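# Survey of secondary and tertiary structure
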Amino acid sequence: QAMSAGAWPMWNPYLLCGSILAANMQAAPYDAVQLLGMLLPHPQALTFMAAFTFFLAAFFTFAFVRALGCSEGAALIAAAGYAFCAILAFFIGWPLGRVWTFLPLILLGVRLVVRETNLRAAVLLTLALVLTIFAGHPESILHLVFVGSIYGVYELFVTKRWRAIRLATVCGVIALGLTAISLMPFFSVAPHTMEYRVRHEQYATAPFDIPPELVLGR
């Protein structure tokens, strides 16, 4: 409604006494799949977004597995396995599920940046990071970036192409700049929320009761 009126999606007046949109990451007002879904009536939009999320997860997984050198059959099996895994199937209607759609795309981008270190690889990795951030689940964004970084370290040790670190850093900086319209309002608002207070004052100071040997075993 805001966009059709030529305004930024800053505020939802219909939820409780009003709710923020642009500064609420999980509202994901800039998510590409959600924006496409807005072209349809609401019931059809929900179906489209779910189906398209499954498709993207399968497509990106297929592309990544093929880049690893596997056959088309193996890539199809991997695509089906990831597209319908628990994190996607259970959270298909939430931003949590949409963010994890882009994990194989990030891994593909990381691999190409390390092994090719060219403009095509840089564009792909930057696009993957932008789509991930706009998808709107901060914790999952952190998880995906962490997994992608670990995979990048592995690729660096395998290939010894250390100059790829510079290009990957540039991709990350550009992605942060392109998504600042979403990230900066979120970082501004987050410290004033009850969620932040609970995590900062209770979780952060609570003892971690799980013994280290159990963590290591798992």
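Refer to the structure presented above.
Everything in this summary refers to the structure shown in the same document. Everything quoted here is computed from the prediction, not taken from an experiment.

What the chain contains, in helices and strands, is 12 helices and 2 strands. Reading the secondary structure of the chain in the N-to-C direction produces β-β-α-α-α-α-α-α-α-α-α-α-α-α. Dimensions of the chain, computed from the C-alpha atoms along their principal axes, are close to 55 × 50 × 35 Å. Taken across its 218 residues, the chain has 37% of its residues classed as buried. A separation of at least 24 residues holds for 61% of the contacts in the chain among residues at least 6 apart in sequence. Counting 12 positive and 9 negative side-chain charges, the chain places the centres of these two groups 13 Å from one another.

A cluster of nonpolar residues, Trp8, Met10, Trp11 and Ile181, forms a patch on the protein surface that exposes about 480 Å² of accessible area. Position of Ile181 relative to the elements: it lies in helix α10 (residues 180–189).

Within the secondary structure, Thr53 is located in helix α2 (residues 42–67). A distance of 2.9 Å separates the side chain of Thr53 from the side chain of Arg98, its partner in a polar contact. Ignoring anything within four residues of it in the chain, the contact list for Thr53 reads Val33, Leu88, Ile92, Gly97, Arg98 and Thr101.

Moving on, we get to the nonpolar core. Of all hydrophobic cores here, the largest spans 46 residues; its most connected members are Tyr82 and Trp100. Looking at this core, the elements with two or more residues in it are α2, α3 (72–83), α5 (95–101), α6 (103–115), α7 (119–135), α8 (138–159) and α9 (164–178). The element that contributes the greatest number of residues to this core is α7, accounting for 10 residues. Not counting chain neighbours up to four residues away, the residues in contact with Tyr82 comprise Ala57, Thr61, Leu88, Trp100, Thr101, Leu103 and Pro104.

Take the state of the cysteines next. On inspection of all chains with the given rule, the structure shows 0 disulfides. You can see Cys70 has no disulfide; the closest cysteine sulfur is in Cys85, sitting 18 Å from it.

About the criteria used
Residues take numbers from 1 onward in each chain, read along the sequence in its written order. Reporting in this predicted model follows two pLDDT cut-offs: at least 70 for local features of residues, and 80 or more for side-chain atom pairs to be given and counted; totals over whole chains, interfaces and linings ignore these cut-offs and use all residues. In computing side-chain properties, one takes all heavy atoms of the structure into account and sets aside hydrogens as well as water. Secondary structure elements are taken from DSSP: a helix is a run of H or I of four residues or more, a strand is a run of E of two residues or more, and numbering for both begins at the N terminus. Whether a residue is buried, partly exposed or exposed follows from its accessible area with a 1.4 Å probe, protein chains only, as a fraction of its type maximum: under 20%, in between, or over 50%, in that order. What makes two residues a contact is simply this: any of their non-hydrogen atoms within 4.5 Å. When charges are counted, Lys and Arg are positive and Asp and Glu negative, with His and the chain ends excluded. The atom standing in for a charge is NZ when the residue is Lys, CZ when it is Arg, CG when it is Asp and CD when it is Glu. Patch members must show over 30% relative accessible area and no salt bridge, and they are joined within 9 Å when carrying like charges or within 5 Å when they are nonpolar side chains of Val, Leu, Ile, Met, Phe, Trp or Tyr. For the accessible areas, the method is Shrake-Rupley and the probe is 1.4 Å, while residue cover comes only from the protein chains on display. For this analysis, a salt bridge means a side-chain nitrogen from Lys or Arg found within 4 Å of a carboxyl oxygen belonging to Asp or Glu. Polar contacts here mean pairs of N or O atoms no more than 3.5 Å apart (in protein, one a potential hydrogen donor and the other a potential acceptor; neighbouring residues in sequence count only if both atoms are side-chain atoms). To define a nonpolar core, start from buried Ala, Val, Leu, Ile, Met, Phe, Trp, Tyr and Cys residues and group those joined through side-chain atoms within 4.5 Å. Any two cysteine sulfur atoms lying within 2.5 Å of each other are counted as a disulfide.

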